[in-house]
Amino acid sequence: MSLTYASVAAPSHSALQVVHRNGPCGGKSVSKLTQLEVLVQDSLRVASLQEKVSGVSRGNNTLLLGSQISIPARSGLYLGTGNYVITIGFGTPTKAQTVIFDTGSDVNWIQCKPCAVSCYSQQEPLFDPALSSTYRTFTCTAPACLRLGKGGCSGTTCVYGVTYGDGSSTLGFLARDTLTLTSTNVFSNFIFGCGQDNKGLFRGAAGLIGLGRSPYSLNSQVANSLGDIFSYCLPSTSSSTGYLNIGNPLGSTVFYTPMLTSSLAPSLYFIDLIGITVGRYSFHYSGTVITRLPPAAYSALRTVFRAAMTQYPLAQGNTLLDTCYDFSNLESITYPVIKLRYTDLEVTLTATGVFFVISSAQVCLAFAGNSDSTEIGIIGNVQQRAFEVTYDNIQKRIGFAVGTCS
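Residues numbered from 1 in each chain as written. Predicted model: local features only at pLDDT ≥ 70, side-chain atom pairs only at ≥ 80, totals over all residues. Heavy atoms only, no water.

> Help me understand the state of the cysteines in this model?
Throughout this description, disulfide means a covalent bond between two cysteine sulfur atoms. Per the stated rule, a full pass over the model turns up five disulfides. Cys112 shares a disulfide with Cys194; S-S distance 2.0 Å. The sign of the -110 degrees torsion about the S-S bond sets the Cys112-Cys194 disulfide as left-handed. You can see Cys112 sitting in the loop between strand E7 (109–111) and strand E8 (136–137) and its partner Cys194 sitting in strand E12 (residues 185–199), a full 82 residues away along the chain. The pair formed by Cys112 and Cys194 is uniform in burial state, with each residue classed as buried. (Disulfide = S-S within 2.5 Å. Helix = DSSP H or I, 4+ residues; strand = E, 2+ residues; numbered from the N terminus. Buried < 20%, exposed > 50% of the residue type's maximum accessible area, 1.4 Å probe, protein only.)

See below:
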């Protein structure tokens, strides 16, 4: 679909390439997802996060789902996931592995031979630890094993295990090996899980890199060299490329809001979403792929947005997105500006942050309501597109910059 969207306002580092798994930049296809399948996976992802933070007192807290290196990042749709992926290297000699990166996860893991129980299909050959001269496992009494808190033992070898709220899981040996982010950024003794029993919605990716706030996450393990700060640009289309940046953000002008912490989920990132503006209307908000709002906040947003879009024919919604339009016979549209207001910061969304395109005949408002007011709000990755989003764990702040990605 080719449409022109016009918004109407009221009176030193390492970067990794990010791509979407369904994009043409992703290499060979394992199993592409439809947009509807992306929404189904997203609902399961939300269930996982809600389970992790159940019991958190919401208030205004919203969950936000950083010398430097920059790694290309892509949409993972071409592999069969709605998440974003990077390609990095494990072992000596290094073997390329395409992995999901996730700010809501702590443990890094990839599928490994001999895959003693179960492995799903992935793009690259399975990592074979027997072929790496620097691969080592941990004993059950090693400090890294004792601190893990999510594993056990197989004989004297440390075992890790993670079960996600959507039913996905991984189980295997806690190991360390050389990690290659770029040709000039190589880290020895990187701790990760060597998965022997892996199930769930990872479809095509070799595993997962965690960017949470635990000592096992990627950003924590390279902090001594690069600083505990990272940023990313999520590509706005499946054919474009973004990046995961470790170290100082690339943007010259970054606007920040405080990074908040919950004692019940200390490894997750929280921010205060204090209000939303739609066109000339503003209301107070007392935050995956799609942003989830408390029922009352979403109802207010939907009402004002629909009132500003009455000139366009409504289309049938689906189980998640209930405000959809048929733009199939149009070359251009106008829509009301949507601004997300955080503490000390206001973010104006681009068209890619306002609409979720299922087809030209079904273009939906990319927001949804939680089932009840006790659930935590979640800022989805759709609303983060076109921004460089920075997680500064040193100064405890989260920032947004424009003009550094598309």
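> How should I be thinking about the pattern of salt bridges in this particular structure?
A pair can form between side chains of opposite charge whenever their charged atoms are brought close. This structure, assessed with the given rule, holds four salt bridges. The partner of Asp197 in a salt bridge is Lys199, and the shortest N-O contact between them spans 2.4 Å. Here Asp197 falls in the buried class, since its relative accessible area comes to 13%. Its relative accessible area of 39% is what places Lys199 among the partly exposed residues. In this structure, Glu346 engages Lys339 in a salt bridge whose closest nitrogen and oxygen atoms are separated by 3.7 Å. According to the relative accessible area criterion, Glu346 is partly exposed, its value standing at 44%. (Salt bridge = Lys/Arg side-chain N within 4 Å of Asp/Glu carboxyl O.)

> Whenever I open this one, the side chain of Gln383 confuses me. Can you help?
Along the polypeptide, Gln383 turns up in the loop between strand E29 (377–379) and strand E30 (388–392). In this structure the side chain of Gln383 is engaged in a polar contact, spanning 2.8 Å, whose partner is the backbone oxygen of Ala366. (Polar contact = N/O pair within 3.5 Å; in protein donor to acceptor, adjacent residues only side chain to side chain.)

> Please clarify how unusual backbone geometry should be interpreted in this entry.
Both trends apply: most residues other than glycine have a negative phi, and most peptide bonds are in trans. Backbone torsion omega between Thr92 and Pro93 reads 0 degrees, so that peptide bond is classified as cis. Unusually for a residue other than glycine, Asp344 sits at a positive phi of about 70 degrees. Summarising the element assignment, Asp344 is placed in the loop between strand E24 (338–342) and strand E25 (345–348). In the Ramachandran plot, Ala386 falls in the positive-phi region, its phi being about 75 degrees despite a non-glycine side chain. By the secondary structure assignment, Ala386 is in the loop between E29 and E30. Overall, the relative accessible area of 14% leaves Ala386 in the buried class.

> When you look at the confidence of the model for the chain in this model, what are you seeing that I'm missing?
Low-confidence regions, as indicated by low pLDDT, have predicted coordinates that should not be scrutinised in detail. Residues at a pLDDT of 70 or more form 79% of the chain, whose mean pLDDT is 82. Confidence scores differ between elements of the chain, with strand E1 (residues 4–8) showing the lowest mean pLDDT of 46 and E8 the highest of 98. Long-range and interchain partners of residues 1–5, a stretch whose pLDDT sits below 50, account for 17 contacts in this model, where long-range means more than four residues apart. In the predicted structure, residues 27–32 sits below a pLDDT of 50 and forms 23 contacts with residues beyond four places in sequence or in another chain. (pLDDT = per-residue confidence, 0-100. Contact = heavy atoms within 4.5 Å.)

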